[in-house]
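Structural overview for review
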Amino acid sequence: VKALVWVLVLLLAVLIEAEVIAWCHPVQRWLIRRVAASLPRQHRDRYTEEWYRECEEIPNGPVTRLLWILSLLFRRRSVARALRQPRTLAFRRSSLTAEGPELLFRTDGSIVFTGAYVEHRSLSKKMYGQGTQGVITNIHTGPLGGVTHVDVRLPNGEFVREVPVDYFLA
Amino acid sequence: MEGLRLTTPLLKLLHVLLADPTANYWGFEIMKATGLASGTVYPLLARLEGMGWLESGWDDEQDISGPRRRYYRLTGDGVASARIALAEANSKKRLATSTGRLRPAFGGNHR
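Residues numbered from 1 in each chain as written. Chains lettered and ligands numbered in written order. Predicted model: local features only at pLDDT ≥ 70, side-chain atom pairs only at ≥ 80, totals over all residues. Heavy atoms only, no water.

For the rest of this paragraph, the subject is the overall build of chain B. Across its full length, chain B carries four helices and three strands. Residues classed as buried in chain B amount to 48% of the 111 residues present. Looking at chain B alone, contacts between residues at least 24 apart form 55% of all its contacts between residues at least 6 apart. Carbon and sulfur atoms make up 50% of the accessible area of chain B, which amounts to about 6200 Å² in all. (Helix = DSSP H or I, 4+ residues; strand = E, 2+ residues; numbered from the N terminus. Buried < 20%, exposed > 50% of the residue type's maximum accessible area, 1.4 Å probe, protein only. Contact = heavy atoms within 4.5 Å. Areas by Shrake-Rupley, 256 points an atom, 1.4 Å probe, with all protein chains shown as cover.)

So, about unusual backbone geometry. Residue and element names in this part refer to chain A. If you check the backbone angles, Glu 162 has positive phi at about 50 degrees while not being a glycine. Its place among the elements puts Glu 162 in strand β6 (residues 159-164). Taking the relative accessible area as the measure of exposure, Glu 162 reaches 46% and is therefore partly exposed.

Moving on: the sheet that holds strand β1 (residues 25-26) of chain B. The strands making up a sheet associate through backbone hydrogen bonding, with each pair oriented either parallel or antiparallel. Residue and element names in this part refer to chain B. Taken together, the three strands give an open sheet; going across it, the order is β1-β3-β2, and neighbouring strands pair in antiparallel fashion. Each of the sheet's edge strands pairs with one partner strand only, and the pair in question is β1 and β2 (54-58). In the sheet, β1 pairs with strand β3 (residues 70-74) via two bridges, with the strands oriented antiparallel. When the sheet's bridge partners are listed, Trp 26 is paired in β3 with Tyr 71. (Pairing = 2+ DSSP bridges.)

Attention now moves to helix α4 (residues 76-84) of chain A. For α4(A), every residue scored as buried is listed here: Ser78(A), Val79(A), Ala80(A), Ala82(A) and Leu83(A). Looking at the buried residues of α4(A), the elements they touch are α2 (41-57) of chain A together with α3 (38-50) of chain B.

What follows deals with the packing of α4(A) against α3(B). One way to put it is that α4(A) packs onto α3(B) with a least axis distance of 8 Å and a crossing angle of 0 degrees. One finds that α4(A) runs roughly parallel with respect to α3(B). Every residue of α3(B) that contacts α4(A) at Ser78(A), Val79(A), Ala82(A) and Leu83(A) is listed here: Tyr42(B), Pro43(B), Ala46(B) and Arg47(B). Class assignment of the residues belonging to the contact of α4(A) with α3(B) gives a composition of six nonpolar, one polar and one charged. (Axes fitted to C-alpha atoms, helices over the stretch in contact; angles between N-to-C directions. Parallel < 35°, antiparallel > 145°, perpendicular 65-115°, else oblique. Nonpolar A, V, L, I, M, F, W, Y, C, P; charged D, E, K, R; others polar.)

With that settled, consider the packing of helix α1 (residues 2-37) of chain A against α2(A). If you want to describe how two helices pack, look at the angle between their axes and the distance between the axes. All names here are of chain A. For the pair α1 and α2, the least separation of the axes is 9 Å and the interaxial angle reads 145 degrees. In this structure, the crossing between α1 and α2 has a hand that is right-handed. Contacts between α1 and α2 pair His 25, Gln 28, Arg 29, Ile 32, Arg 33, Val 35, Ala 36 and Ala 37 from the former with Arg 44, Thr 48, Trp 51, Tyr 52, Cys 55 and Glu 56 from the latter. Its residues assigned to classes, the contact of α1 with α2 shows seven nonpolar, three polar and four charged. (Left-handed = near helix turned anticlockwise from the far one by under 90°.)

As a further point, take the sheet that holds β6(A). Residue and element names in this part refer to chain A. Read from one edge to the other, the open sheet built from four strands follows the order β1-β4-β5-β6, with strand pairing classed as antiparallel. Two strands bound the open sheet, and with one partner strand each, they are β1 (110-112) and β6. Taken pair by pair, the neighbouring strands of this sheet meet at an average axis angle of 45 degrees, ignoring direction. Note that strand β5 (residues 147-153) and β6 share four bridges and pair antiparallel. By the bridge assignment, Arg 153 is partnered in β6 with Phe 159.

Right, dumping it as structure tokens:
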């Protein structure tokens, strides 16, 4: 009789496990739809599809996937807030120190090339090596308002126009 | 850029994205690389995409039915801005290290 009870318990456990696993997928998708429902309407379909796929590709089991979704569920208002924000136009440099990059890109500020820069001209090209120093004479900003290029005057009086800021960053 | 604070999760995210600025990353890959939870990564991705630092698109090349994977990539302005942000964070860290911190004097009265 004891053995029979054990067999029945095992059988029941296997059935419950199969039932739980079968329910996992729809529950996960329902939760994802709940999270997406809190987003602005125009973003819901996109994030639903994106998160369905992400969730499917999580390599571990249903508990890991559930935790992944719960993390989203708890922070759904942050996602919604980020999506509701108007598109921002520029990187606003906050309270920078004197060592900060804001002063790196000011007119008449000294600047050093942190990488070799090749200026292509109509018939030739000229290279300015790493460590070349100069003074900023003009600052160019991109469509987003951030500094993208600068004009530089070298110590010999030569001007280098529209150098991408990438060449001055570490 | 209203409201974007240089938090540790943001800096981790930018660091990962800048490791290969031309590469496409998808959400779970970013989570693995940064060690951040989904509830932290997605608000940041949404914020950065809204600011024009990131662009995203569907992976339509995969021959798999069902939901598609969404890829994220830094834009040209995003690369420059992310580098500036990391430089700013580093300069703040250096400044904090060099000035040290004020600590309360324990032990009370000096006689």
